[in-house]
Amino acid sequence: MRDALTQIIDLLEQNAYEFADHALDRMAEYDLDEEEVLSAIEEGFIDKKQRDNTGEARWVYTILGESDTGRGIYVAGKIMEGVFRVFRIISAKEDEG
């Protein structure tokens, strides 16, 4: 079985990803652009893996990474029907305070 992060990065490279409204709202709130979030995923690591209680996917992955601008970002997402869906983003600034 392939490593989950490798599978997620492959999906990003295929443009098979989407951002939930909540994630887009957080990106605007933290003044993050899509490239910062994607680079944080690609350069990060899976900090947590837990079962998806909604039943939409098998697992929810929390990825901790650093964007291309050096900002620490937590990204929560799941693989659903061949697409990585980002549903939550937390800036390291929020986590510190």
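Up top is the structure these notes are about.
In this text, all values refer to a predicted model and were calculated from it rather than measured experimentally.

K.L.:
Would you mind showing me how to read the nonpolar core here?
P.N.:
Here is a general trend for soluble globular proteins: nonpolar side chains tend to be buried in one another's company. Of all hydrophobic cores here, the largest spans 26 residues; its most connected members are Phe19, Val37, Ile41, Phe84, Val86 and Ile89. Counting residues per element, this core draws most heavily on helix 1 (residues 4–13), at six residues. The contacts of Val86, once residues within four sequence positions are left out, are Glu18, Phe19, Ala20, Ala23, Ile41, Val75, Ala76 and Gly77.

K.L.:
I'm lost on the sheet that holds strand 4 (residues 72–80) in this one. Help?
P.N.:
Sheets are built from strands that pair by backbone hydrogen bonding, the pairs being arranged parallel or antiparallel. As summarised here, the arrangement of the five strands in space is 1-5-4-3-2, forming an open sheet in which the pairing is mixed. Strands with a single pairing partner mark the edges of an open sheet, and in this sheet they are strand 1 (17–19) and strand 2 (45–51). Within this sheet the neighbouring strands show an average axis-to-axis angle of 30 degrees, counted without direction. Pairing analysis gives eight bridges linking strand 4 to strand 5 (residues 83–91), with the strands arranged antiparallel. The residue bridging Ile79 from the neighbouring strand is Phe84, located in strand 5. The sheet strands contacting helix 2 (residues 21–29) are strand 1 and strand 5, and the helix crosses strand 5 at an angle near 40 degrees. Against the sheet, helix 3 (residues 34–43) contacts strand 1, strand 3 (59–66), strand 4 and strand 5, and its axis sits at roughly 100 degrees relative to strand 3.

Calculation rules
- Residues numbered from 1 in each chain as written.
- Predicted model: local features only at pLDDT ≥ 70, side-chain atom pairs only at ≥ 80, totals over all residues.
- Heavy atoms only, no water.
- Core = buried A, V, L, I, M, F, W, Y, C linked by side-chain atoms within 4.5 Å.
- Buried < 20%, exposed > 50% of the residue type's maximum accessible area, 1.4 Å probe, protein only.
- Helix = DSSP H or I, 4+ residues; strand = E, 2+ residues; numbered from the N terminus.
- Contact = heavy atoms within 4.5 Å.
- Pairing = 2+ DSSP bridges.
- Axes fitted to C-alpha atoms, helices over the stretch in contact; angles between N-to-C directions.

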